[in-house]
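Each chain is listed here by its residues.
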Amino acid sequence: MDMFATALPAFLSAWELILQPTVLFYLVLGVVMGLAVGVFPGLGGIAGLSLLLPFMFGMEPMLGLALMIGMVAVVPTSDTFASVLMGIPGSSASQATVLDGFPMAKKGEAARALSAAFSSSLFGGLVGALFLTLFILIARPIVLAFGLPEMLMVTILGLSMVAVLAGRVALKGVAAAGLGMMIGTIGEADAGGNLRMASYDIPYLTDGLKLVIVGLGIFAIPEIVSLLRKDRAISSAANLGEGWTRGVRDWFANRWLSVRCSIIGVVVGVIPGLGGSVVDWIAYGHSVQSTKDKSGFGSGEVRGVIGPESSNNAKEGGGLVPTLLFGIPGSGSMAIFIGAVALLGSGDIEVGPNMLKDNLDITYSIVWLLALANVVGTILCIAASGGIAKLTTIRFTYLAPFLFMLISFAAFQSGQNFEDLLALFVIGLIGIFLRRFDWSRPAFLIGFVLSNPVEKFTNQAFQIANFRFRKSFEAGMDYVFSPIVIVLLIVTLVSIWFGIKQAKTIMAEGDVQSGAKRAPLIFLLVIAGYLALALYNANLIPDRNMTDKIIPLVIGGVSLTCCLILLIQMMRRPEGNEIFADKELSGEDADAPYGLWSTLAWFAGLIAATSVVGFILALIGFLALFFRFRAGCSWAKTFLLTGFGIALMCAMASVLNRDFPPGLLQSLVELPWPLR
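Please read all numbers here as calculations on a predicted model, not as lab measurements.

1. Things to note about the overall build of the protein chain
Logical step 1: A count of helical and extended segments in the protein chain gives 29 helices and zero strands.
Logical step 2: A burial count over the protein chain gives 58% of its 676 residues as buried.
Logical step 3: Long-range pairs, those at least 24 residues apart, make up 81% of the contacts in the protein chain with a sequence separation of at least 6.
Logical step 4: When the accessible surface of the protein chain is split by element, carbon and sulfur atoms take 67% of a total near 26300 Å².

Written out as structure tokens, the structure is:
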């Protein structure tokens, strides 16, 4: 009864918070933005939230939460457009939808596939919100009993899962998560203030890399570059056909399949790090196994759409469980969400046990916002289907420069330094090669996000444990190995054991073909070289500041060991083995008419020109040259598109009261806004 007495006022307060007209407006705005992001293949919720991240600083908490939840909720719905209409996974969570959704579209049943998918997504989203409501109510007393050792163990559990279940080669998952953690330790240590990069003392890196830059670089840039290289429209036809009501009837006829797959989505979403990379395949496999006549799958079976789409929306509610209760990201988008919440208001909101203790009303506001966003998102997706189908017939070459423009502007807002753009480019390169060689990018990002909590929990728990051990050995052991810690340790070991067995069935970057040894081997050596350098820098920290060096030494040592084992395996295994996965060997990347470096040179040129003449002048030249020579536009169309881009950029900066990246020219000459 005490549990309900505490929760009921929070329930009522949550409704009062979200039913404000301004909050609802921001929710709808977030849904619209999520719809726009989800339409473009590969961008997904991580890139969308990364674009929002710079603008969260100081925003009124409920408005910021409404904006982010609106986007998070609708992306798994709107990415269905790419999967069904284009045959390209809109995100990692909609890969399985392509198998039957795209064949249905080619048979003239796109409307049927979309309506079945949207109905399933709406149901799955509501199931996820309902589960989150009940789980918070039940789990709140347990979560509040978690101390530092328990929080550290939960963090390790999340890391173990995301690392091991990140791809066909388990060691790549471990190394990717470790690489993300080591990059996350760059800068001054929190405890003693020692630099972790003494051999390359770069002032910009003193405060470490910003989450928005890492999120955009790892996910947005690789997908934009990949689509731009193909130089074609995302889709060849805009005809949706008929069957909107038939798709809804299909969902209702298979409602119990939708229920089961929604539960699968919730359960997978709860496990930190799994999320979208596996949930749709598990649900698709269940859909096949539970169907008597399996012959239609792969050629337009509607159950192959209903199952995955029910699960990938439900996983967002499940993913919020470890995020809100423990501060452990349940997926890549939740990793960005954690960073954004800390920026809201005066920065006093922190996900984890403290949020359940001090901000239970805000916690439930997030739940109700998630449910409302799913309803609004589904309605908007249905209403916008015709227009979006036409949008996908536009050559991506016309869209790419605007995306480069937006992510550059967003990256600069994270630190207001020109070096933000350089960091974005470098991290983008890392993301491109992680994607190419089948290394898990979600594992990298979650490792980056968890690097700070792991270090903080470890140092604080060590200090308290040291004090307890001075009292007595029994007191120290009781603190370090509490019943909850022992249970979590067992769960971690069991999950690693099962994860290693299942790793071969999980594809971190889709079905990537394998081939020659040379390129994957060089990439592995580069990663190993960086890890060795990071270990060397950590070892330079004096032993008296052991708290500043112990985590980089341990994580770097484990990651480097994984790389060395991978190196031995590569030397011994023949070409064509899955360990030599390379997207440049076959598929769309290999068949693209434009090369990687010539495409990436456009973005590099924008950054280089910005360093000399500032962002706006560089952007004018970049857009004009790109549309005229890369896209082959007439001069009239070039001037029109360039003018639109500059006007959009200036309008955004004016409304948000933001500056543009300056160049050498701005330091020499006093220029009027927006040139300064």
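Resuming the write-up.
2. Things to note about the environment of Gly300
Logical step 1: Relative to the helices and strands, Gly300 resides in the loop between helix H13 (279-289) and helix H14 (303-326).
Logical step 2: Separated by 195 residues in the primary sequence, Gly300 and Ala105 place their C-alpha atoms 8.4 Å from one another.
Logical step 3: Other than its neighbours up to four places away in sequence, Gly300 contacts Asp100, Pro103, Met104 and Lys107.

3. Regarding the packing of aromatic side chains
Logical step 1: With the rule as written, the count across this model stands at 19 aromatic pairs.
Logical step 2: Between the aromatic rings of Tyr364 and Trp368, the centroid separation amounts to 6.1 Å while the plane-to-plane angle is 25°, which identifies the pairing as stacked. On the criterion of helical spacing, the pair formed by Tyr364 and Trp368 is a turn pair, its members being four residues apart in helix H17 (residues 360-391).
Logical step 3: Tyr364 gets classed as buried once you look at its relative accessible area, which sits at 1%.
Logical step 4: An angle of 50° between the planes, with centres 5.8 Å apart, marks the rings of Phe409 and Phe660 as tilted. In this pair, Phe409 is assigned in helix H18 (residues 396-413) and Phe660 in the loop between helix H28 (635-656) and helix H29 (664-668), connecting sequence segments 251 residues apart. Phe660 shares its class with Phe409; the two are buried.
Logical step 5: By the ring-pair criterion, three or more aromatic residues cluster together here, those being Phe402, Trp602, Phe622, Phe626, Phe627 and Phe644.

4. Details of the packing of helix H19 (residues 419-436) against helix H26 (residues 596-613)
Logical step 1: Taken N-terminus to C-terminus, the directions of H19 and H26 make an angle of 165°; their axes are 10 Å apart at the nearest point. In terms of their interaxial angle, H19 and H26 are classed as roughly antiparallel. Viewed along their axes, H19 and H26 form a crossing whose handedness is right-handed. Two secondary-structure elements touch here, H19 through Leu421, Leu422, Leu424, Phe425, Leu429, Ile432 and Phe433 and H26 through Leu596, Trp597, Leu600, Phe603, Ala604, Ile607 and Thr610.
Logical step 2: Taken together, the residues of the contact of H19 with H26 break down into 13 nonpolar, one polar and no charged.

5. Observations concerning empty space enclosed by the protein
Logical step 1: Inspection of every chain in the model, using the stated rule, returns five cavities of 30 Å³ or more.
Logical step 2: Taken together, Pro222, Val225, Ser226, Arg229, Ile432, Arg435, Arg436, Glu584, Asp589 and Leu596 make up the lining of the largest cavity.
Logical step 3: Of all the elements in the fold, those that place two or more residues in the lining of the largest cavity are helix H10 (211-230) and H19.
Logical step 4: When its residues are assigned to classes, the lining of the largest cavity shows four nonpolar, one polar and five charged.

6. Here's the deal with the confidence of the model for the protein chain
Logical step 1: Within the protein chain, residue pLDDT values average 78, and 83% of them lie at 70 or more.
Logical step 2: The least confident element of the protein chain, judged by mean pLDDT, is helix H1 (residues 2-18) at 67; the most confident is helix H27 (residues 615-630) at 93.

7. Here's the deal with the nonpolar core
Logical step 1: Core analysis: the biggest nonpolar cluster contains 185 residues, and Leu65, Met68, Leu324, Phe337 and Trp439 have the highest contact counts within it.
Logical step 2: No other element matches H10, which puts 13 residues into this core.
Logical step 3: Summarising the domain contributions, this core has at least three residues from each of domain 1 (2-561) and domain 2 (596-668).
Logical step 4: When near neighbours in sequence (up to four residues on either side) are disregarded, Phe337 contacts Leu49, Leu65, Met68, Ile69, Leu320, Thr323, Leu324 and Ile366.

8. Observations regarding a nonpolar patch on the surface
Logical step 1: Together, Phe481, Ile486, Leu489, Ile490, Leu493 and Val494 make up a nonpolar patch on the protein surface, roughly 510 Å² of accessible area in all.
Logical step 2: Assignment of secondary structure puts Phe481 in the loop between helix H21 (473-480) and helix H22 (483-502).
Logical step 3: With a relative accessible area of 40%, Phe481 lands in the partly exposed category.

9. As for the side chain of Ser262
Logical step 1: Checked against the element boundaries, Ser262 lands in helix H12 (residues 255-270).
Logical step 2: For Ser262, a relative accessible area of 0% gives the class buried.
Logical step 3: Dropping the residues within four chain positions of it, Ser262 is found in contact with Phe123, Gly124, Val127, Ser310, Ser311 and Ala314.

10. Structural notes on the pattern of salt bridges
Logical step 1: Evaluated as defined, the whole model comprises two salt bridges.
Logical step 2: Its salt-bridge partner being Glu584, residue Arg229 comes within 2.7 Å of it at the nearest N-O pair. Note that Arg229 is positioned in helix H10 and Glu584 in the loop between helix H24 (546-572) and helix H25 (588-591), a separation of 355 residues in sequence.
Logical step 3: Judged by its relative accessible area of 6%, Arg229 falls in the buried class.

11. Digging into the packing of H10 against H26
Logical step 1: Two elements in contact, H10 and H26, have axes whose closest approach is 10 Å; the angle formed by their N-to-C orientations is 120°. On the basis of the axis angle, H10 is oblique to H26. Every pair of crossing elements has a handedness; the one defined by H10 and H26 is right-handed. Here H10 contributes Ile221, Val225, Leu228 and Arg229 to the contact with H26, which in turn contributes Leu596, Thr599, Leu600 and Phe603.
Logical step 2: Class assignment of the residues belonging to the contact of H10 with H26 gives a composition of six nonpolar, one polar and one charged.

12. A short note on the environment of Thr561
Logical step 1: Examined against the element boundaries, Thr561 turns out to sit in helix H24.
Logical step 2: For Thr561, a relative accessible area of 42% translates into the label partly exposed.
Logical step 3: Sequence-wise, Thr561 and Leu531 are 30 residues apart; in three dimensions their C-alpha atoms are separated by 9.8 Å.

13. Thoughts on unusual backbone geometry
Logical step 1: Residues other than glycine seldom take positive phi values, yet Asp438 does so here, at roughly 65°.
Logical step 2: Assignment of secondary structure puts Asp438 in the loop between H19 and helix H20 (441-471).
Logical step 3: Classification of Asp438 by relative accessible area gives buried; the value is 5%.

14. Looking at the environment of Arg630
Logical step 1: Of note, Arg630 is situated in helix H27.
Logical step 2: A residue is classified by how much of its surface remains accessible, and Arg630, at 6% relative accessible area, is buried.
Logical step 3: Expressed as a C-alpha distance, the spacing of Arg630 and Tyr398, which sit 232 residues apart in the sequence, is 9.6 Å.
Logical step 4: What Arg630 contacts, discounting residues up to four positions off in sequence, is Leu228, Arg229, Asp231, Arg395, Thr397, Tyr594, Thr599, Trp602 and Leu625.
Logical step 5: Of note is the side chain of Arg630, whose polar atom sits 2.9 Å from the backbone oxygen of Leu228.

Here is what the cut-offs are and how they apply
Residues numbered from 1 in each chain as written. Predicted model: local features only at pLDDT ≥ 70, side-chain atom pairs only at ≥ 80, totals over all residues. Heavy atoms only, no water. Helix = DSSP H or I, 4+ residues; strand = E, 2+ residues; numbered from the N terminus. Buried < 20%, exposed > 50% of the residue type's maximum accessible area, 1.4 Å probe, protein only. Contact = heavy atoms within 4.5 Å. Areas by Shrake-Rupley, 256 points an atom, 1.4 Å probe, with all protein chains shown as cover. Phe/Tyr/Trp six-rings, centres within 6.5 Å; stacked < 30°, edge-to-face > 60°. Axes fitted to C-alpha atoms, helices over the stretch in contact; angles between N-to-C directions. Parallel < 35°, antiparallel > 145°, perpendicular 65-115°, else oblique. Left-handed = near helix turned anticlockwise from the far one by under 90°. Nonpolar A, V, L, I, M, F, W, Y, C, P; charged D, E, K, R; others polar. 1 Å grid on protein atoms, 1.4 Å probe; cavity = no way out; pocket = protein on both sides within 12 Å on 5 of 7 lines; lining within 4 Å. Points joined across faces, edges and corners; volume = space filled by probe spheres on them. pLDDT = per-residue confidence, 0-100. Core = buried A, V, L, I, M, F, W, Y, C linked by side-chain atoms within 4.5 Å. Domains from an automatic or database assignment. Patch = residues over 30% accessible without salt bridge, like charges linked within 9 Å, V, L, I, M, F, W, Y side chains within 5 Å. Salt bridge = Lys/Arg side-chain N within 4 Å of Asp/Glu carboxyl O. Polar contact = N/O pair within 3.5 Å; in protein donor to acceptor, adjacent residues only side chain to side chain.

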